[in-house]
Structure formats: structure tokens, C-alpha cells
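Topology and contacts: notes
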Amino acid sequence: MLAGRSKFFIGGLLVLAAVVYLIITSTQANAEYFMTVDELHAEGQSAAGKSLRLSGAVVGETIQYNPDTLTLTFEVAHVPGDNAEIEAQGGLAQVLHDAVVDPARTRLTVSYTGAKPDLLQNEAQAIMTGHLGEDGIFYADELLLKCPTKYEEAVPEQVNGN
Amino acid sequence: MFAEFGFGILILTFALSLFAVGAAVFGYYGKSDRWVESARRAQQLTFPLITLAALALIYLLVTGHYEVKYVYSVTDVTMPLYLKVTALWGGQPGSLLFWSWLLSAFATAVTLRKWDRDREFLPWVVVVTSVTLTFFLALIIFFENPFVRWWQTLSGDFVAQMFAPSGGVLATPNNGEGLNPLLRHPGMIIHPPMLYLGFVSFVIPYAFAIAALVTGRTDDRWIRLTRRWTLMAWLFLSCGLVLGMRWAYDVLGWGGYWGWDPVEIAALMPWLTGTPFLHSVMIEEKRGMLKPWNIFLIILTYSLVIFGTFLTRSGVLSSVHAFAQSAIGPMFFTFIGATFIISAALLITRWKDLRASLPMNSMLSREALFLLNNLLFMGILIVCLWGVLFPLISELVTGVKVTVGPPFYERAVGPLFGALIALMGIAPLSAWGRSTVRTLGRAMWKPAIPTVLTPVILFAFGMRNWIALVGFTLIAFVLFITLHEYWRGVRARMNAQGEGFFTALGRLAARNRRRYGGYLIHIALVVMAIGILGIEVFQTTTQKSLATGESLDISGYTVRYDSLAQFDHTDGRYVTRAVLSVFKDGEFLQEIYPRYDLYPSGQPMTIAGVRTTLADDLYVVLVNWEDVSTALAPFKVYHNPLINWLWIGSILFIIGYLVAAWPEKEQE
């Protein structure tokens, strides 16, 4: 009888161990680290190969696009990663503007293959997933853009208080 | 007028619902049937009342009362009537009202039945449904009121409030913002109600489980009474999930159907506890085992339903910070936490009464395999919870925010789903009580032969991906075993009764609906798995800017860019539509028309041009960027093998469900 019970107990433990194993290995293999441009710069080549998620301000004059090969490169300037800090510095639009006009900001070259998104323009916020190459260029697999001015326009006819 | 009316009705219903809770508790402990009866009447009255409130909101939506903020935010003058009506669940406040309406309808349907044999359950079913309803009505009234209106104050500002601020005048915009174009799709119109129907139906078995715990009547009566509700919940939830996938595939233009985002996971989680519940209640009915486990599963399902309702429409998960800021978030978590703790405490106090009457001995018995199925589902649930919570945990512990994306889920969940498919093959062959390797082997050696041949044949045809080979072998295993089971049953009838094949098949299913309907659902699920495996493993994609007349090749197809048209549509959107020709082996197959619509609100919508066959989809997206022109346009092309079996499987699923759940002649 006891043998019967422990049989099930061990079986259950095995299933549990398998689930834990799958979670741990999958997390290790697929974790994406949120970083700012400054943090990545500080970490340097030790971050190479890690899967990263990065946010930065697009510097308009650096955008280069070849529609034939669909290769897109541009530079992003460092913006803080913390929402509270962004608010303290005057909101996202202000932070993005400051980042682009400040020549002392850390910049990072980004390379992406694919169609050029509409919203890729000066002072847009780029959120990129990818990895840092050995050449110091960030190779993005995924590129999301947010344009704060567009969001402000989207607020309904000066209706506030909601 | 209608806004005040609707709001007034909601307050009245809230009071009535509170009264129902109090009267039912008082009636139960005071042993007063009159009070219980009064609670039941009060509860039944909530249904017509909420119906009135919902009708008031629909009236405002349809007649374009844009002074109502909700109407303003989800409709505009160009929207057709059916979209204005369905905008009832187009936003958070409206969907909460819709949810409450469904709940009151189901609760009323339940209390209308005859209660002769189950009188003691009644007060607690009323309590649980009414507490849930009260909570949702409170959310609507205090936080997400759909009847709030725009007012212009003396200083010229606009504010949204229910009643006029001092000196304020009602402000009536000429037009609303309109429903998000992404949601103007047939799939998106039916998808939320389906999901909600599924969510709400699970409240009923939960209510009976709690009633069973409180009253101490812990036999399987509560399960038998709610079996149909559970099945219905499961059907609607499953359909809701599939419709959501179809919508994503048709409208979002990224070539996929499921992206593992937190909102999708929130809708999946109740399914991950509801499905094992559906299986393990069978063990309780047949063998009297696992009583506490079943009650725990339904408690968990209920909590996840409330959690899912909160997440699916509110969008708070996109930002962790929004959670803390929204007033509604803490309310939800308090409610979920409180109901879960109270339910679990009840379960523990009744633990002694719930002990199994029979011990579980054989590892290969049907009940043991069902238990394993339950464990695997719990494993998948844990993976999902981990994926959602991991960013929060890692930020708290290490200070670095780390997320996991779709590859994490695919890798962690894939083997668990694989094991579930294997079980789907074995479990139906094993016997209740006791099975051995020998008895199982005897039952499965015939279907095992074609199963073993499957990977060999696939390998011979050039399939080298081991995940696909394992996956298709498991799928073949389930298909052959299940079809063999059908065949054994049919053949027995043909021999014994001298019936023809189809008569025998029909009568076989009719005599044992639950079993053969369930088998059909298993077949449907593995057919869906064929589609999922096909697109997950073999999807290929390429992108290129094409000049007119130029073409690109993908997976044996040639796609040629012929022309492009840009024009204004009557409903205000600006359409860019490309014409492409699809060729295979030099032979013209058909034209496809990928589209890019820009709505006046600035919201774009990408509709893929698709050539669809049973073997694959050729899915072409016109990628937008400013310089799209007739001469040169960028395209992204996906080749999605076998994807249509996902949709075919889901139709089979519904048929299987109907066989399993069709009302049989009075049996009670």
C-alpha cells in the first residue's frame, strides 16, 4: 500500500522536476535584458551575444535606408529607462528632444533589415530587440517606434479631466 | 435622460444584489425558506434590470449621443448599425456591463430550475453569484461608469462626470472617435462575447462547489448538476480563443496567430484549469476520487476568470506602472485574493469529508493517467504564470528588468503539450481501476503499426526536423488509436446487429455520446495540432521591394507585383491596394490583393493578401512606408504550411462538442 502511494509521489515529483527544468532552461535561453544605451556602453563587449531590449531616441539625420536591399541604419541617443526619471525631466517628448540635441550623449548605431517604418523619424523613441555585434553595432531583429508628438495630437480635442 | 436612467437602474440593481446576498445568508442560518425565496426573487430581478441598463446604453450608442463619454470613445457617425450595437463591448466600461448582464442571465437561468432535491444548495448559489455580480456592479458604478458625460465648466474646461459640475453645461461633440479599426472585424465582434460567455459560465460550477462545501453535501451531486455549464463554459472559451487567433491572423498582418502576449495568456489560463477540471470530474463521478482536487481546480478557474476579465480589456499589463495608478487594479486583486482565500479555507475545513472512497493503485489506470493529464496542464499554467510574472520578479530581486518572449513559451510548453497528446492516445485505452503494460499493449498494437511507420514515411519524403517528426508521430498515434476505437465499436455493432456502416456509426455515437463525442474532440485537437506544428516549424518568410513586373520566389511559389491603386474609401479610410499574381511551376494560379488602410484617426490597418489551400497559405503583406509607389513597393511574404488545419480542427471540435453535450432523453 505504501509502495503504491510512494510510486505516485515519485511520479508527481518527476513531472514537477521536468516542468521546473523546462522553465529554468527556457528562461536562460530566451531572457531579454532591458538596457539603456549608457548601460550597454558601460557593459561593452561583455553584453555581446545576450538578447537585449533597448530604448533610445532616433537621431533623424543619421537615418539611412536602401529600399532595394531593405537595409536600414540609424543612430539612437541615450534616454533614461525609468519612467519616474523621464517624468521628472519634463516628459517623454522633452527627454527625447534633449537626447537628440545633446552632442555629449552616448550614441549607438543600429542596423535593421526590413521595411522602413513610418514612424522612424527624428526624436522618435525606438524600442529594439536584438543583440550587440562585435563591431559595436546593435543588430535589431524587432523595431518598435513611438512618436510622442503623434500621441499628443491623438488626445481628443482638448478634452481633459478624464 | 437615458444616461441618468441607465445609471439609476445600475444603482438599483446593485442594492438589490446586495439584498440578495444578505437575505440568502440570513435565510440559510435562520432556516427560513421565505428569506431564501426572497433572495432568489431579488436575484432573478437583476436580469431584467441590467437588461434595461444595457438597452439604455445601446440606445445611446445607436443614436449617436456623443455627450456620453463611452459613446464618444467607441463610435462615430460613419459606423454601420451593427458595429454601433456591438460597440457595447468595444471598451472597458461597456464590456463590464455586458459581463454583468451575462452573469445575471446565467444566475437567473440557474435559479429558475426546480430545486426539490437540492434545496440546500440554493441560498449559497445565490450568495456566490450575487457577490460576484455586486462586485462587478460596484466597479461599473464607482470606477468604470459607461454613462459618464462630457461637461464644459465655467472656466471652459471639459470634464467627464456623471452629473453636472456646478455651472457646467453639457458638451455634445458632433462626432465620436470611432471604434478602433482593428476591432472592426467579424472575428473581433464575436470573439469578446464568446470569451465572456465562457468566463461567466464557469461562475456557475464554482457557485455550486462553494455551496457543496458550505452545506457539507460533498458527494458528486454538484458536479452532475453543473456538468452542462462546465461543458458550455469550455466550448465558449475554446471558441473565443480560436476566434482571437483567427482575428490576429487576418487583421494584424504579422503572419502569425498567437503571440504569447500577456492578454492572450490571461485568456488562456482559465482554459488551462478548466480543461483538466472537465477530465478530473469524470474520475470523481466514476470512482469517487480527487474530490478536493476538483474543488480546488474550480476555485482556481474562477479566480483566473476574474483575473482574465480584468486583463483582457483593460490593457494594464502593457505597463507595470499603470497597474498601480489605476484604481480598478487593487480592487480586482483584493477581490480575487479574498475569494480565493475564503474558498481555500472552506476547502480545508471540509478536507476530512472529501477523502476518497477508493485508493488509487495502478499507475496505468485511467484515473492515474487523468491525474497525469491534470499535472501537465498545471505545468503549462505554471509556465504561463512564470512568463507573466518573471519581469516583475527579476526587477524586484536583481534590479534589472528581464522579460521572456514567445521562444520561451514555445520551448517550455512544447514538450508538455507533446506529452498531453501522447496521453490523449493512451488514456482512452486504459481501464478504470487497473491497467497493465500488457493490457494496454494488447489494445494498441494494431494502431501502433501505422504510427511507427509515420516518421519513417515522413523521413523518406525528406522531413529532417526532429521536432516535427516527433510531433507528427504523436499526432498520428492519437489519430490511429481513436479511429481504431471508432472502428472497433462500429464493427461490433455491424456484426451483432447486422447494421450498415453508417447506421452503426450513428447509433454507436448516439448510445454513448460522451465517450464518442469526446473522442471526436480529441481528433479535432490533434488536427489543430497539425496546423500549429506546420506553421511553427515550417514557416518561411522573406521580404523585398518589388518594381512593377518584378517577382520574388518563396517555397516553390513565384509572386509577381502587377499594379498598385490608392484611393479614398466611402467610410473615410485611405486605401492602398496592390495587385499581385501568384504562380507555381510557371503556371498562373490567382491574383491576391494585400491592402494597407489608413483610417482618419491615423490608425493603420494591414490586410494580407492570402492564397489559401489545404497544404499551405501564401500570405503577402504590403508593408507601409512613406515612399510606397506604383513603381516600387515593399512586400513581406510568409509561407505558412498546414495552417488551415488549425481552423478545420476547430470546426470539428464544435461538432465533437455537440455530439458529447447534446441533451439526452431525460435521465435524471
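Residue positions within a chain follow its written sequence, with the count starting from 1. Written order determines the labels here, with chains lettered from A and ligands numbered from 1. Only residues with pLDDT of at least 70 are given local features in this predicted model, and only at 80 or more are side-chain atom pairs given and counted; all residues enter the totals for whole chains, interfaces and linings. The basis for every side-chain value is the complete set of non-hydrogen atoms in the structure, without hydrogens or water.

In this section: the interface of chain A and chain B. It only takes one pair of heavy atoms within 4.5 Å for two residues to be counted as in contact. Contacts between the two partners involve 35 residues from chain A, matched on the other side by 45 residues from chain B. Roughly 3400 Å² is buried in total at the junction of chain A and chain B, and carbon and sulfur atoms are behind 64% of that figure. Whenever two N or O atoms come within 3.5 Å, that pair is a polar contact, provided that in protein one can donate a hydrogen and the other can accept it, and provided that, for residues adjacent in sequence, both atoms are side-chain atoms. Seen at the junction of chain A and chain B, the total is 5 residue pairs in polar contact (both at pLDDT 80 or more). Among the secondary structure elements, those contributing two or more residues to the side of chain A that touches chain B are helix 1 (2–30), strand 1 (31–36) and strand 2 (52–66) of chain A. Here a helix means four or more residues in a row that DSSP labels H or I, a strand means two or more in a row labelled E, and each is numbered from the N terminus. By residue number, the principal contributor to the side of chain A that touches chain B is helix 1 of chain A, which donates 11 residues. The nonpolar class holds Ala, Val, Leu, Ile, Met, Phe, Trp, Tyr, Cys and Pro. Asp, Glu, Lys and Arg form the charged class, and all remaining residues, Gly among them, are polar. In the side of chain A that touches chain B, the residues fall into 16 nonpolar, 12 polar and 7 charged. Direction of pairing for strand 1 of chain A relative to strand 4 (residues 402–404) of chain B: antiparallel, over a ladder of 3 bridges. As used here, buried area is the combined drop in accessible area, with a 1.4 Å probe, of two parts when they are placed together. In this description, strands pair whenever DSSP reports at least two bridges between them.

Turning to the domain arrangement of chain B, a few remarks are in order. Residue and element names in this part refer to chain B. Domain ranges listed in this record stem from an automatic or a database domain assignment. Partitioning chain B into structural domains gives domain 1 (2–254 + 290–308 + 321–339) and domain 2 (538–646). Computed over C-alpha atoms, the centres of domain 1 and domain 2 are 41 Å apart. At the junction of the two partners, domain 1 supplies 11 residues and domain 2 supplies 15 residues. Each partner contributes to the roughly 1100 Å² buried at the junction of domain 1 and domain 2, and carbon and sulfur atoms together form 57% of this total. Of all residues in domain 1, the largest losses of buried area upon contact with domain 2 belong to Pro181, Tyr249 and Gly253, amounting jointly to 47% of the total for that side. Take a side-chain nitrogen of Lys or Arg and a carboxyl oxygen of Asp or Glu: if they are within 4 Å of each other, that pair is a salt bridge. Along the contact surface separating domain 1 from domain 2 lie 0 salt bridges. For the pair domain 1 and domain 2, the number of links is 3 residue pairs in polar contact (both at pLDDT 80 or more). The residue inventory of the side of domain 1 that touches domain 2, partitioned by class, reads 6 nonpolar, 3 polar and 2 charged.

Time to look at empty space enclosed by the protein. Residue and element names in this part refer to chain B. Only protein atoms enter the 1 Å grid used here. Points where a 1.4 Å probe fits but cannot escape make up a cavity, open sets with protein on both sides within 12 Å along at least five of seven lines make up a pocket, and a residue lines them when an atom lies within 4 Å of a point. Grid points are joined across faces, edges and corners, and a volume is the space filled by probe spheres set on the points. Tallying each qualifying case throughout the model produces 2 cavities of 30 Å³ or more. Here the second largest cavity is characterised by a volume of approximately 30 Å³. In terms of lining residues, the second largest cavity is bounded by Ser17, Gln43, Thr46, Ala107, Thr129, Ser130 and Leu133. Contributing elements (two or more residues each) for the lining of the second largest cavity: helix 2 (33–62) and helix 6 (122–142). For the lining of the second largest cavity, the residue count by class is 2 nonpolar, 5 polar and no charged.

So, on to the environment of Ala3 of chain B. Residues and elements named next belong to chain B. Following the sequence through the fold, Ala3 ends up in helix 1 (residues 2–29). Measuring from C-alpha to C-alpha, the distance between Ala3 and Phe199 comes to 28 Å, with 196 residues separating the pair along the chain. If near-sequence neighbours (up to four positions away) are discounted, Ala3 is found in contact with Leu60, Val68, Phe147, Arg149 and Met162.

Sheet strands associate in pairs through backbone hydrogen bonding, adopting either a parallel or an antiparallel arrangement. Residues and elements named next belong to chain B. The 3 strands lie next to each other as 2-1-3, forming an open sheet whose pairing is antiparallel. Both outer strands of the open sheet, strand 2 (158–161) and strand 3 (169–170), are each paired with one neighbouring strand and no more. Here 4 bridges tie strand 1 (residues 149–152) to strand 2, and the two strands are oriented antiparallel to one another. Note that in strand 2 the partner of Trp150 across the bridge is Ala160.

The subject of this paragraph is the side chain of Ser100 of chain B. Residue and element names in this part refer to chain B. Turning to its location among the elements, Ser100 is positioned in helix 5 (residues 92–111). Exposure remark for Ser100: the relative accessible area of 0% places this residue in the buried category. Setting aside its immediate chain neighbours within four residues, Ser100 contacts Ile50, Leu133, Phe136, Leu137 and Ile140. Relative accessibility thresholds used throughout: buried, under 20% of the residue-type maximum; exposed, over 50%; partly exposed, between the two (1.4 Å probe, protein chains only).

The geometry of a pair of packed helices is captured by two quantities: the angle between their axes and the separation between those axes. All names here are of chain B. In this description, a line fitted to the C-alpha atoms serves as the axis of each element, helices being fitted only across the stretch in contact, and the angle between N-to-C directions of two axes falls anywhere from 0 to 180 degrees. Put simply, helix 16 (residues 437–460) and helix 17 (residues 466–497) touch, their axes get as near as 8 Å, and they point 150° apart. Considering how the two elements wind past one another, helix 16 and helix 17 form a crossing that is right-handed. Contacts from Ala443, Met444, Lys446, Pro447, Pro450, Thr451, Thr454, Pro455, Leu458 and Phe459 in helix 16 reach Leu469, Phe472, Thr473, Ala476, Phe477, Phe480, Ile481 and His484 in helix 17. Along the lines of polarity and charge, the residues of the contact of helix 16 with helix 17 split into 13 nonpolar, 4 polar and 1 charged. Two helices crossing with the near one rotated counterclockwise from the far one by less than a right angle form a left-handed crossing, whereas a clockwise rotation gives a right-handed crossing.

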